[in-house]
Each structure stands twice: as C-alpha cells, then as structure tokens.
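Summary of the model geometry
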Amino acid sequence: LSEYARRMKAAHIRPALAVREGTIADTVEHARELTQLLNVPTAGVAIDTAALVMQDCEPAEAIAMLGAQLAHVTLHDTDGVRPSLPPGQGSLDFPAILRALDAAGYSGPLVVALDDIHLSPEERAHELAQGIAYLQPLLQRKAA
C-alpha cells in the first residue's frame, strides 16, 4: 500500500475508493463513509457515470453529495443496457454532470474510456474520438 500511495503521489493522483457494485464501497454513501473512516485527508472517491446510473444513482446528485471527496471521474454513457458507451451515445445528461462537477469544484481527471473488447482497436479509437468530440463544446462552454 505504501508503494501504491507513493506512486499516486508522484503522479499527482489522489488515492480513491471506486464505487463498484459487489465491493465494500458498493454505493456512493458507503464509499463516502469509508473515506471518512480512513481519516486520510487525501483519500477520495472514484466514480463511473454510467455505473452509477446502472445502480439507479443519478451522477449529478452523487457528485453533489461527494463534493470535495470526489477524486476521479470516468465519463461513460449508457443506454440502460450497455454500461460503457462513449459520452453522447447514450442517455446521460452530460451538461448536468459537468455543471455538477463545476459546482463541486472538481479539478481532477476526467477519463473517457471504452471497455468494449469486441470492437477492433480502430473502431474503439473512432468511438472514443466521437465521445471526445461530443464533450469538447460542453467543456468549452463550461470554461467560458
């Protein structure tokens, strides 16, 4: 753990408990409580926007609840069936998510990933580029 913490610190990444179904941090509330119990000021919570929705949790509400405890955000979209779509290809309200991140003062990493191993590398690259293209104007509006 100490080596992990050293690497995280060197990379300027906060250590975080990921909200994942089937783990001790299976809900935003449990992850929040655990980080408080750890009493490590730099520890935070990592979320995946689509995974939250698949657990019937609204991402913007979770972000507001976590506030300064939010340490890492993966921006996946979902259509209610597939939990790993690039932003803009599902039903998530990314303008609301980005507003919530801004209101929470979040300045950590925003990760756009595609976990569909059935796609070729070229298809994944294309899908990811579309997701980033969808987010760029939203992020530019936020910065203005």
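Residues numbered from 1 in each chain as written. Predicted model: local features only at pLDDT ≥ 70, side-chain atom pairs only at ≥ 80, totals over all residues. Heavy atoms only, no water.

This paragraph deals with unusual backbone geometry. Positive phi, close to 60 degrees, is recorded for Asp-56, a residue that is not glycine. Here Asp-56 is to be found in the loop between helix H3 (49–54) and helix H4 (59–66). Here Asp-56 falls in the exposed class, since its relative accessible area comes to 76%. (Helix = DSSP H or I, 4+ residues; strand = E, 2+ residues; numbered from the N terminus. Buried < 20%, exposed > 50% of the residue type's maximum accessible area, 1.4 Å probe, protein only.)

A large share of strand S3 (residues 70–74) lies buried, amounting to four of its five residues. Bridge analysis of S3 against strand S4 (residues 110–111) gives two bridges, and the strand direction is parallel. The residue bridging Thr-74 from the neighbouring strand is Val-111, located in S4. Taken together, S3, helix H5 (residues 94–103) and S4 constitute a β-α-β crossover, and its handedness is right-handed. (Pairing = 2+ DSSP bridges. Right-handed = clockwise from strand over helix to strand, strands pointing away.)

So, on to the side chain of Thr-78. Along the polypeptide, Thr-78 turns up in the loop between S3 and H5. Polar contacts involving the side chain of Thr-78 include one to the main-chain amide nitrogen of Gly-80, which spans 3.0 Å. There is a polar contact of 2.7 Å between the side chain of Thr-78 and the backbone oxygen of Arg-82. Those residues in contact with Thr-78, other than ones at most four positions away along the chain, are Ala-50, Val-53, Met-54, Pro-83, Leu-85, Gly-90, Ser-91 and Leu-92. (Polar contact = N/O pair within 3.5 Å; in protein donor to acceptor, adjacent residues only side chain to side chain. Contact = heavy atoms within 4.5 Å.)

The subject of this paragraph is the sheet that holds S4. Within a sheet, adjacent strands bond to each other through the backbone by hydrogen bonds, running parallel or antiparallel. A sheet is described by the order of its strands in space; here four strands give the open sequence S1-S2-S3-S4, paired in parallel fashion. Each of the sheet's edge strands pairs with one partner strand only, and the pair in question is strand S1 (16–18) and S4. Note that strand S2 (residues 44–48) and S3 share four bridges and pair parallel. Residue pairing for S3: Ile-47 is matched across the bridge by Val-73.

At a minimum axis distance of 11 Å, the contact between helix H2 (residues 28–38) and H4 shows a crossing angle of 15 degrees. On the basis of the axis angle, H2 is roughly parallel to H4. Handedness of the crossing formed by H2 with H4: right-handed. Along its contact with H2, which presents Val-28, Glu-29 and Arg-32, the element H4 presents Ala-62, Met-65 and Leu-66. (Axes fitted to C-alpha atoms, helices over the stretch in contact; angles between N-to-C directions. Parallel < 35°, antiparallel > 145°, perpendicular 65-115°, else oblique. Left-handed = near helix turned anticlockwise from the far one by under 90°.)

This part is about H5. Counting along an α-helix, one turn takes 3.6 residues, and residues three or four places apart therefore face a common direction. All buried positions along H5 are accounted for by Phe-94, Ala-96, Ile-97, Leu-98, Ala-100 and Leu-101. In the stretch just after H5, Gly-105 is the one whose phi turns positive, near 75 degrees.

What follows concerns a negative patch on the surface. Negative charge collects at one region of the surface, where Asp-115, Asp-116, Glu-122 and Glu-123 lie side by side. One can find Glu-122 in helix H6 (residues 121–143). Given a relative accessible area of 59%, Glu-122 falls into the exposed group. (Patch = residues over 30% accessible without salt bridge, like charges linked within 9 Å, V, L, I, M, F, W, Y side chains within 5 Å. Areas by Shrake-Rupley, 256 points an atom, 1.4 Å probe, with all protein chains shown as cover. Salt bridge = Lys/Arg side-chain N within 4 Å of Asp/Glu carboxyl O. Lys, Arg positive; Asp, Glu negative; His and termini not counted. Charge placed at Lys NZ, Arg CZ, Asp CG, Glu CD.)

We now examine the side chain of Thr-49. Here Thr-49 lies in helix H3. Discounting chain neighbours no more than four positions away, the residues touching Thr-49 are Pro-59, Val-73, Thr-74, Leu-75, His-76, Leu-92, Phe-94 and Ile-97.

Of all five residues in S2, five are buried, a share of seventy percent or more. Inspection of the sheet shows S1 paired to S2 by three bridges, in the parallel sense. Residue Ala-18 lies in a different strand from S2, and its bridge partner there is Ala-46. Taken together, S1, H2 and S2 form a β-α-β motif whose crossover is right-handed.

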